[in-house]
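Examining the three-dimensional arrangement
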Amino acid sequence: MKQAFLLTVLLSGITALKADAQIHFNHLAIYVVDLEKSSTFYRDVMQLQQIPEPFHDNRHTWFKIGEHDQLHVISGAKEKMPHNVSVHMAFSVPSVENFAGHLDSLHVKYGNSAQTGTAPQVRTDGIKQIYLQDPDGYWIEVNDDKF
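Now for a look at the structure at hand. Computed from a predicted model, the values in this text were never measured in an experiment.

In the structure shown here, the tally under the stated rule is three aromatic pairs. Aromatic side chains F41 and Y42 sit 5.0 Å apart centroid to centroid with 85 degrees between the ring planes, which places their arrangement in the edge-to-face category. Here the aromatic rings of F55 and W62 are separated by 6.2 Å at their centres, their planes lie at 75 degrees, and the arrangement is edge-to-face. Aromatic ring contacts, followed pair by pair, group F41, Y42 and F63 into a single cluster.

With that settled, the discussion passes to the pattern of salt bridges. Taken as a whole and assessed by the stated rule, the structure comprises four salt bridges. Between E97 and K128 there is a salt bridge, and its shortest N-O distance comes to 2.7 Å. Of the two residues, E97 sits in helix α3 (residues 96-105) while K128 sits in strand β7 (residues 128-133), which places them 31 residues apart along the sequence. The partner of E141 in a salt bridge is R123, and the shortest N-O contact between them spans 3.4 Å. Highlighted residues: E141 in strand β8 (residues 139-143) and R123 in the loop between β6 (121-122) and β7, separated in sequence by 18 residues. Judged by relative accessible area, which is 4%, E141 ranks as buried. Each of R123, D125 and E141 takes part in salt bridges that share partners, so that together they form one network.

Here we come to the environment of L48. Mapped onto the secondary structure, L48 falls in the loop between α2 (35-45) and β2 (49-51). Residue class for L48 comes out buried when judged on its relative accessible area of 12%. Along the primary structure L48 and Q70 are separated by 22 residues, whereas in three dimensions their C-alpha atoms are 9.9 Å apart. If near-sequence neighbours (up to four positions away) are discounted, L48 is found in contact with Y42, R43, F63, K64, I65, L71 and F91.

This part takes up the sheet that holds strand β5 (residues 88-92). What the four strands build is an open sheet, ordered β5-β8-β7-β6; its pairing is mixed. Only two strands of the sheet have a single neighbouring strand rather than two, namely β5 and β6. As defined by bridge partners, β6 adjoins β7 across two bridges and the pair is classed as antiparallel. Across the sheet, the residue bridging to Q121 is Q129, located in β7. Strands β5, β7 and β8 of the sheet are contacted by α2, whose axis makes an angle of about 155 degrees with β7. Packing against the sheet, α3 makes contact with β7 and β8, and its axis sits at approximately 25 degrees to β7.

We now examine the layout of surface pockets. Taken as a whole, the largest pocket holds about 290 Å³ of empty space. Lining the largest pocket, in full, are M46, Q47, L48, K64, I65, A90, F91, S92, V93, F99, V142 and F147. If you tally residues by element for the lining of the largest pocket, the top one is β5, at three residues. Of the residues contributing to the lining of the largest pocket, the split by class is nine nonpolar, two polar and one charged.

Rules behind the numbers
- Residues numbered from 1 in each chain as written.
- Predicted model: local features only at pLDDT ≥ 70, side-chain atom pairs only at ≥ 80, totals over all residues.
- Heavy atoms only, no water.
- Phe/Tyr/Trp six-rings, centres within 6.5 Å; stacked < 30°, edge-to-face > 60°.
- Salt bridge = Lys/Arg side-chain N within 4 Å of Asp/Glu carboxyl O.
- Helix = DSSP H or I, 4+ residues; strand = E, 2+ residues; numbered from the N terminus.
- Buried < 20%, exposed > 50% of the residue type's maximum accessible area, 1.4 Å probe, protein only.
- Contact = heavy atoms within 4.5 Å.
- Pairing = 2+ DSSP bridges.
- Axes fitted to C-alpha atoms, helices over the stretch in contact; angles between N-to-C directions.
- 1 Å grid on protein atoms, 1.4 Å probe; cavity = no way out; pocket = protein on both sides within 12 Å on 5 of 7 lines; lining within 4 Å.
- Points joined across faces, edges and corners; volume = space filled by probe spheres on them.
- Nonpolar A, V, L, I, M, F, W, Y, C, P; charged D, E, K, R; others polar.

Keep in mind these values describe shape, not function.
Spelled out as structure tokens, the structure:
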């Protein structure tokens, strides 16, 4: 009986260690030419919550993008680089149409992944999506996934 109890405690401990050892997303860092312009974009256009950053060096702006996930915007890029739409970050909103209206009010260009129209495209799983670029050309997908 005592051995069975010890085995149960040991297995529970191993299971707990495995659960704690799971890899999980923490943050995404992007390198930008103009920190003020990019920070304004992510705060005002994307409506992300700015959070404190530890450096206080006027080279970093951090945003909350999930329960424990962050976007780190870092200045220092010398020039804008071309980016392929296939490499993008994605955010979900309750209504793609309402978010598109927000973009329209700010005169921010957006469209389908080919940028041939502004109507949301629909993925094969029924999720609506639009794409836009930040000031440095990083692609952003906005969709209505409810997951």
